[in-house]
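Topology and contacts: notes
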Amino acid sequence: MDWKALYEQHVTSVMADVEKALNGEPFEGIVFHSGSQHHYHADDREIPFVTVPHFARIVPAGGADHLLVVRPGHKPRLVRNVPRDYWYEPPVQPDHPYPQILDCVEVDGREAATAAAGDVSKLAYVGDDPKFAKALGIAAAAQQPARLLARLDWQRAYKTPYEIECLREAGRRASVGHAAVRAGMQQGWSERKLHAAYLEAVGTMENHAPYTNIIGWDEHAAVLHYQSKDLDDPKGKRCFLIDAGATHLGYASDVTRTYATAKAHPVFVDMLDKMDSLQRQLVAKVKPNQGFVDLHDQAHRGVAAILSETGVSRGSAEQTYEEGLTHPFLPHGLGHHLGIQVHDVGGHQQGFEGGKVTPPDQYPFLRTTRVLESNNVVTIEPGLYFIPMLLQKHREGPKAARIDWDLVDALTPCGGIRIEDNIVVTETGQEDLTRPFIPGHNGGA
Ligand code: GLY
Ligand code: MN
Ligand code: MN
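1. Description of the coordination of the manganese ion (ligand 3)
Within the first shell, the manganese ion (ligand 3) binds the protein through Asp254 (OD), His336 (NE2), Glu381 (OE) and Glu420 (OE), at distances of 2.1 to 2.2 Å. In this structure, the manganese ion (ligand 3) is surrounded by six donor atoms whose angles at the metal cover 51 to 158°, and the resulting shape is irregular. In this structure, the manganese ion (ligand 3) is positioned 3.3 Å from the manganese ion (ligand 2), and both are ligated by Asp254. Taken together, the residues span a long stretch of sequence, with Asp254 in the loop between strand S9 (251–252) and strand S10 (255–260) and His336 in the loop between helix H11 (317–322) and strand S11 (349–351) at a distance of 82 residues. A relative accessible area of 3% means that His336 is categorised as buried.

2. Considerations on the coordination of the manganese ion (ligand 2)
Ligation of the manganese ion (ligand 2) by protein atoms is provided by Asp243 (OD), Asp243 (OD), Asp254 (OD) and Glu420 (OE), these donors lying 2.1 to 2.3 Å from the ion. Angles of 57 to 171° at the metal separate the six donor atoms of the manganese ion (ligand 2), which places the site in the irregular class. Sequence positions of the residues that donate to the manganese ion (ligand 2) give the spacing D-x10-D-x165-E. Taking relative accessible area as the criterion, Asp254 reaches 4% and is therefore assigned buried.

3. What to know about the pattern of salt bridges
Summed over all chains, the structure comprises 26 salt bridges. When the shortest N-O distance is used, the salt bridge between Asp276 and Arg280 registers 3.0 Å. Remark: Arg280 and Asp276 occur in helix H9 (residues 266–284); sequence separation between them is four residues, near one turn of the helix. Using a relative accessible area of 5% as the deciding quantity, one classes Asp276 as buried. By relative accessible area, Arg280 is classed as partly exposed at 34%. Here Arg435 and Asp421 are joined by a salt bridge, their closest N and O atoms 3.1 Å apart. Here the residue Arg435 occupies a position in the segment after strand S17 (430–432), and Asp421 occupies one in strand S16 (residues 421–425), the gap between them amounting to 14 residues. Like Arg435, the residue Asp421 is buried in the burial classification. Beyond isolated ion pairs, a larger network of salt bridges with shared partners links Arg257, Asp276, Arg280, Asp421 and Arg435.

4. Side note on the sheet that holds strand S3 (residues 77–81)
The mixed open sheet is built from five strands, whose spatial order is S4-S3-S2-S1-S5. Lying at the two open borders of the sheet, with one neighbouring strand each, are strand S4 (103–107) and strand S5 (124–126). Pairs of neighbouring strands in the sheet enclose a mean axial angle of 20°, with direction left out of account. As defined by bridge partners, S3 adjoins S4 across five bridges and the pair is classed as parallel.

5. Notes on unusual backbone geometry
For Lys237, which is not glycine, the phi dihedral falls at a positive 50°. Assignment of secondary structure puts Lys237 in the loop between strand S6 (214–217) and strand S7 (239–244). Positive phi, normally seen in glycine, also occurs at Asn375, with a value near 75°. Mapped onto the fold, Asn375 is located in the loop between strand S12 (354–356) and strand S13 (377–380).

6. Comments concerning a nonpolar patch on the surface
Among the surface-exposed residues, Tyr86, Trp87 and Tyr88 lie close enough to one another that they form a single nonpolar patch of about 510 Å² accessible area. Summarising the element assignment, Tyr88 is placed in the loop between S3 and helix H3 (98–101).

Procedures and definitions
Residues numbered from 1 in each chain as written. Chains lettered and ligands numbered in written order. Predicted model: local features only at pLDDT ≥ 70, side-chain atom pairs only at ≥ 80, totals over all residues. Heavy atoms only, no water. Donors = N, O, S within 2.8 Å, 3.2 Å for Na, K, Ca; no water. Tetrahedral: all angles 85-135°; square planar, octahedral: opposite > 155°, others 65-115°. Helix = DSSP H or I, 4+ residues; strand = E, 2+ residues; numbered from the N terminus. Buried < 20%, exposed > 50% of the residue type's maximum accessible area, 1.4 Å probe, protein only. Salt bridge = Lys/Arg side-chain N within 4 Å of Asp/Glu carboxyl O. Pairing = 2+ DSSP bridges. Axes fitted to C-alpha atoms, helices over the stretch in contact; angles between N-to-C directions. Patch = residues over 30% accessible without salt bridge, like charges linked within 9 Å, V, L, I, M, F, W, Y side chains within 5 Å. Areas by Shrake-Rupley, 256 points an atom, 1.4 Å probe, with all protein chains shown as cover.

Pasting the structure below:
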């Protein structure tokens, strides 16, 4: 892979985007700030630093208080802050060609960065610290200006070849952790031990993960963002869900697999096979001009069929769907844009200039309402869960007789199912960035 050529082309493409975003705006350019270091309340301990995403999209330089000064027609200038400090190590730099492509200068501290940035008073500021923006001489109206930000957010959904390769590599890195966890899970390890095995296999630290690993046995699989890790050996060992990713040069992967053991209820095993088929069918439908709301709706139709075929619902697939019985079983969206942020920006944006398309009332948690276009990258992650607090009101509702509650009770100790891959929209269809690296629950691709 010629990363230098890819990155060079990425920078050229992003600079063209920035120029387009500035069109008609009263700014001569943009100062992108990598972000400020924050501390815990009333404490001098640092909160793990996360780079402002708009900066991270252009330079994978770790650490706070770098400035990237972008003026159309000029080489972008990176003012990299390398504090002379004996308390902390300077930010570790990735093996990356950016110093050869950008105009780079190193400084020690904010004041030196301000001086090195030069006169940026006619530029907009994109970052997280109004005080720093003011010190740079940038007026309040030019800090995080709404229309400019909307345009930049919109553009982030269109990935360059460099970004797609970063996302692919993030998936490949996650695959090593998924393989280690799969092997440990077969030994019946605790969630804590599996989590540690994941980080060790990926070769990362917890605060460098793109999100908190979700690693849950049995009922924990039904807690959508289950954040704890049980230290004790699992008791039931019926089913296991892992939702874990990795990063590469700031880009995230977000992958989920669910496994059933020999102790799982046979209906759950059947459901898992069916959910795997459904997820593949939904992935195959990803293509340009495909509306995501429609795809999400198709996921509900698919789950309705599974509930009906397995006898969880007593009606036909059509009745199950029409009566809204899928909602407590699939209470999240089918997926989201993926990039620098695991839930990448712009999912509800109407267009380049901003605006909002809210999800339909019946699907409030759907994270994207956009129509897919080539080079968008999204997750496809249908789920089917047994969540007691959501099912409770249906037990007492007018459609209660439509559900086989004895079967639901028998399946509840298995928790739930989610299967998630990362998909790039191509000119004619899609490419799955993660399945080739992370086999399905039955070992097949
Ligand atoms: N890992 C969080 C999600 O799948 O959206
Ligand atoms: Mn996930
Ligand atoms: Mn996801």
